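Okay, here's what each chain looks like letter by letter:
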Amino acid sequence: MTKTQKFISVLLLVALYAVIFVLEQTLAPSEMLFTVLKKGAIYALVAVSMNLLNGFTGLFSLGQAGFMLIGAYVYGIFTIPIDARASVYQYFDGGVIQFTVPLVVALIMAGTAAALIAALIGLPVLRLKSDYLAIATLGFAEIMRAILQWDKLGPVTNGSNLLRKFPTFNDFNIVTGGKTIYMSTLVPFIIVGVCIFVIVLVINSSYGRVFRAIRDDERAAEAMGVSLFAHKELSFVISSFFAGVGGALLAMYQMTVQASAFKAAMTYEILLIVVIGGLGSVTGSCIGSFLFIAASEWWLRGLDSGSFLGISAPMLFRAGFRKVVFAVIIMAIVLFYRKGLMGANEFSIQGIANFFKKLFTPRKRSAK
Amino acid sequence: MSGSVLNIKNLTMRFGGVTAVDNLPLEVRRGEIVALIGPNGAGKTTVFNCVTGVYEATDGSVSFLGKPIAKGTTPDKITKLGIARTFQNIRLFSTMTVFENVLVAKHMRMRQNIFSAAFRIRKEEQRVRDEALALLEEQGLLHLKDEAASNLPYGLQRHLEIARALATDPELILLDEPAAGMNPQETSELAEFIQQIRGKYKLTVLIIEHHMDLVMQISDRIYVLDFGKLIATGTPAEIQENQRVIDAYLGVADDA
Ligand SMILES: Nc1ncnc2c1ncn2[C@@H]1O[C@H](COP(=O)(O)OP(=O)(O)OP(=O)(O)O)[C@@H](O)[C@H]1O
Ligand SMILES: [Mg+2]
């Protein structure tokens, strides 16, 4: 990227954040748009973290929901205000943890907990054959879901009951003398932005290069002096760290946390986003996230509730039909855009310029 | 300055019932170009794989620069010791550029951790980039640096694979059939190239090759394998006279 391109990209990002800020002050907080933006941002972070592992390092893992679950719980457990604990942990005498940590610390703890557990899983699995990573992580996610609902751990995890009353996105809104400055979309966007920026720095570093080398050819990477285990483990740990942070953000968004909600289906959704966006494309994962969330939460809603695009057909458009249409769209994408929307490319100013140049350059006629 | 760089003793490698390498001794001294030849399936590549830690030898020992390499040493550690290799079937990082391919080889000698690398705290990235560019320049590959490795024509892919191996700063380089698929013109250029890099980078070379012109032209000594067993060793002149070698290999495979 040249200096100018970098400058324009930064400018565009700043503009994006400014637009979000303005929209928040002008539109009603209940607008569907904000749901899409908030959830889309969270999913974008988790999708990018999954892409680091699956797309850039070539390791197939299915543990994203499990690491998000850990992040969500660590965040919830350590941020519920002390005077709210008696009511949240009502079946466990207010729980055993009687302190709270600042929000940013809790986010880092959420990521660190997920990263530590990833390191432990990786130790046996990545040392020998990484082929088992998908099964190991999927199994781990299921086990985690059970453990966190286990009654014996109730004093810490609240058993199968909800965690709630911890700070949420709405707590970012600033109320000053009757007026509210809305920040509940902007702040998550900033957090996600910082996290994705760090992941991009990793990808662009010597380590990121080695991750891609491992993906392209393990044997050759090893012959270049690259320790396969150390680098796979590193990629897995970083990926899980940000999945953990993403889980914490999801907790803030949902306002309550319950282990039973972090099903394997959540991992598949994220995997889908990564594939739709393009394995090995960070911007692809981001764009894919917002499209996916907008489609599933907003644009296709009508398919489940009677009328869609002004067509009223309650017999056809009823609960479950949305999923059918969704599946068809996804199949179409996979069939016609085999490499996802972006392939392994990144969305860039140069890319757009080239696209339009191609569009407006008259095709050379082939001489007959 | 004629110390032993690679010293293999009684190397044996069995795959189930197949004995791919059988009790092989092999020594390469500093600055030599030594060739390992023999018919298809003789066990040549297996020797490379045992030396570089891809396989753990069933029996025998390998010493590098006078020190035995412990059993179970992984390939990356062996590369760090100073043994580089190329592969019989080219193994480049195909989605990465020529420049990136070389940079990967520099990674192991960078003084960094994930934080200093991500946030570019030290100047390591710049240092290895300069080194890699210098190497590409020396190799005449600089104009291709942003080309995807998989887009290079075959001969240049082979060249890049050797350049990438050189980027690991090796003492010893193992070349597995570098002339495979090359025409006589390219092959003779390669012969010159190998002698040239030996001098320039103070290398010791162990080469597997079927092109006998090349082998006879550049080798100081030759080892001949057949069915995993050493059947002859000596200078090119001695090998060309050896009746067993002619029967087992040269007689039939001269043009292979
Ligand atoms: N991983 C393996 N598992 C089982 N058998 C193997 C393995 N690797 C090599 N072999 C066997 O060992 C023998 C020697 O193979 P090797 O590849 O070393 O031969 P080569 O001399 O390099 O032949 P070529 O000239 O065809 O490259 C062959 O019979 C081969 O089938
Ligand atoms: Mg071979």
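Residues numbered from 1 in each chain as written. Chains lettered and ligands numbered in written order. Predicted model: local features only at pLDDT ≥ 70, side-chain atom pairs only at ≥ 80, totals over all residues. Heavy atoms only, no water.

Chemist: Would you mind going over the overall build of chain A with me for this structure?
Modeler: Within chain A, the secondary structure is distributed over 15 helices and six strands. Counting over 368 residues, chain A shows a buried share of 50%. Long-range contacts, defined here as pairs at least 24 residues apart, represent 75% of the contacts in chain A between residues at least 6 apart. Of the accessible surface of chain A, which amounts to about 17,900 Å², a share of 69% is contributed by carbon and sulfur atoms. (Helix = DSSP H or I, 4+ residues; strand = E, 2+ residues; numbered from the N terminus. Buried < 20%, exposed > 50% of the residue type's maximum accessible area, 1.4 Å probe, protein only. Contact = heavy atoms within 4.5 Å. Areas by Shrake-Rupley, 256 points an atom, 1.4 Å probe, with all protein chains shown as cover.)

Chemist: I tried to follow the coordination of the magnesium ion (ligand 2) on my own but got confused; where do I start?
Modeler: Ideal donor angles around a metal are set by the shape: a four-donor tetrahedron calls for 109.5 degrees, a six-donor octahedron for 90 or 180 degrees. Residues and elements named next belong to chain B. For the magnesium ion (ligand 2), the full set of protein donor atoms is T45 (OG1) and Q88 (OE1), and the range of their distances to it is 1.9 to 2.1 Å. Of the two residues, T45 is situated in helix α1 (residues 44-51) and Q88 in the loop between β6 (83-85) and α3 (98-106); the sequence distance between them amounts to 43 residues. Exposure remark for T45: the relative accessible area of 24% places this residue in the partly exposed category. Q88 sits in the partly exposed class, given a relative accessible area of 31%. (Donors = N, O, S within 2.8 Å, 3.2 Å for Na, K, Ca; no water.)

Chemist: Help me understand the interface of chain B and chain A, please; the structure alone is not making it clear to me.
Modeler: Interface size is commonly expressed as the accessible surface area that is lost when the partners come together. On the chain A side, the residues contacting the 32 residues of chain B number 26 residues. Here chain B packs against chain A, burying approximately 2,500 Å² in sum over the two surfaces, 61% of which is carbon and sulfur. For the pair chain B and chain A, the number of links is three salt bridges. Notably, a salt bridge pairs B:R91 with A:D217, separated by 2.7 Å at the nearest N-O pair. Sorting the residues of the side of chain B that touches chain A by element identifies α2 (75-81), α3, α4 (114-118) and α5 (124-138) of chain B as the ones contributing at least two each. Class assignment of the residues belonging to the side of chain B that touches chain A gives a composition of 15 nonpolar, eight polar and nine charged. (Buried area = accessible area lost by both parts, 1.4 Å probe. Salt bridge = Lys/Arg side-chain N within 4 Å of Asp/Glu carboxyl O. Nonpolar A, V, L, I, M, F, W, Y, C, P; charged D, E, K, R; others polar.)

Chemist: Would you take a moment to explain the pairing of strand β3 (residues 33-37) of chain B for this structure?
Modeler: Every regular strand shows the same layout, with side chains that alternate between the two sheet faces. With five of its five residues buried, β3(B) lies for the most part within the structure. Judged by which residues are buried, β3(B) turns out to be covered on both faces: B:I33, B:A35 and B:I37 on one side and B:V34 and B:L36 on the other are all buried.

Chemist: Which parts of the structure should I look at to understand the nonpolar core?
Modeler: By size, the foremost hydrophobic cluster in this structure holds 102 residues, and its most contacted members are A:L45, A:F67 and A:L249. Element by element, the count of residues in this core is highest for helix α2 (residues 32-56) of chain A, at 15 residues. Setting aside chain neighbours within four positions, we find A:F67 in contact with A:A114, A:I117, A:A118, A:I121, A:F140, A:F236, A:S240, A:A243 and A:G244. If you look at the next biggest cluster of nonpolar residues, it comprises 63 residues, including B:I37, B:F99, B:L144 and B:V224. (Core = buried A, V, L, I, M, F, W, Y, C linked by side-chain atoms within 4.5 Å.)

Chemist: Could you clarify how one ought to interpret the pattern of salt bridges in this entry?
Modeler: Two side chains of opposite charge can pair, provided their charged atoms sit close to one another. For the structure on display, the rule yields 19 salt bridges over all chains. With a shortest N-O distance of 2.9 Å, A:R212 and B:E100 are connected by a salt bridge. Separated into two different chains, A:R212 in helix α9 (residues 206-216) and B:E100 in helix α3 make up a pair that spans both. Note on accessibility: A:R212 and B:E100 belong to one class, buried. Put simply, B:E27 and B:R29 hold a salt bridge, and the shortest N to O gap is 3.6 Å. Through salt bridges with shared partners, a single network forms among B:K106, B:R111, B:E124, B:R127 and B:E131.

Chemist: Sorry if this is basic, but what is going on with the pairing of strand β4 (residues 59-64) of chain B here?
Modeler: Residues and elements named next belong to chain B. Pairing geometry for strand β1 (residues 4-15) and β4, over five bridges, is antiparallel. Bridge assignment links I8 to a residue of β4, and that residue is V62. Where β4 lies against strand β5 (residues 67-68), two bridges are found, and the strand directions are antiparallel. Within β5, the residue paired with F64 across the bridge is K67. (Pairing = 2+ DSSP bridges.)

Chemist: Where do I start with the layout of surface pockets in this structure?
Modeler: In this approach the atoms are scanned with a rolling probe the size of a water molecule, which exposes any empty space left behind. The calculated volume of the second largest pocket comes to roughly 780 Å³. In terms of lining, the second largest pocket is formed by 34 residues, of which the most central are A:E222, B:G53, B:V54, B:T74 and B:P75. Put simply, the parts of the chain that give the lining of the second largest pocket at least two residues each are α10 (218-223) and α11 (228-254) of chain A together with α1, β4 and α2 of chain B. When residues of the lining of the second largest pocket are assigned to their parent elements, the largest contribution, four residues, is made by α2(B). (1 Å grid on protein atoms, 1.4 Å probe; cavity = no way out; pocket = protein on both sides within 12 Å on 5 of 7 lines; lining within 4 Å. Points joined across faces, edges and corners; volume = space filled by probe spheres on them.)

Chemist: Where do I start with the packing of aromatic side chains in this structure?
Modeler: Pairs of aromatic rings are described using the distance from one ring centre to the other and the angle between the two planes. Residues and elements named next belong to chain A. Per the counting criterion, the structure on display carries ten aromatic pairs over all chains. With a centroid separation of 5.6 Å and 80° between ring planes, the pair formed by Y75 and F166 is classed as edge-to-face. One end of the pair, Y75, is in helix α3 (residues 64-79); the other, F166, is in the loop between β1 (163-164) and β2 (174-176), and 91 residues separate them in sequence. Of the two residues, Y75 and F166, neither departs from the other in class, the shared state being buried. Through successive ring pairs, a cluster of aromatic residues spans Y17, F189 and F290. The ring of F229 is capped by R127, whose NZ or CZ atom sits 4.1 Å from the centre of that ring. (Phe/Tyr/Trp six-rings, centres within 6.5 Å; stacked < 30°, edge-to-face > 60°. Lys NZ or Arg CZ within 6 Å of the ring centre and 35° of its normal.)

Chemist: What is the right way to read helix α6 (residues 133-148) of chain A from this model?
Modeler: Because an α-helix completes one turn every 3.6 residues, residues spaced three or four positions apart along the sequence face the same direction. Residues and elements named next belong to chain A. Taking 1.5 Å per residue as the helical rise, α6 with its 16 residues ought to reach 22 Å, and the 22 Å between its terminal C-alpha atoms agrees with that figure. Taken together, the buried positions of α6 are occupied by L133, A134, T137, F140, A141, M144, R145 and L148. Buried residues of α6, viewed axially, fall in a sector of 135°; they line one side. Across from the buried face of α6, at angles greater than 90 degrees, the exposed residues are I135 and I143. Contacts from the buried residues of α6 go to α3, α5 (103-125), α7 (154-157) and α11. (Expected span 1.5 Å × (residues − 1). Arc of directions from axis to C-beta.)

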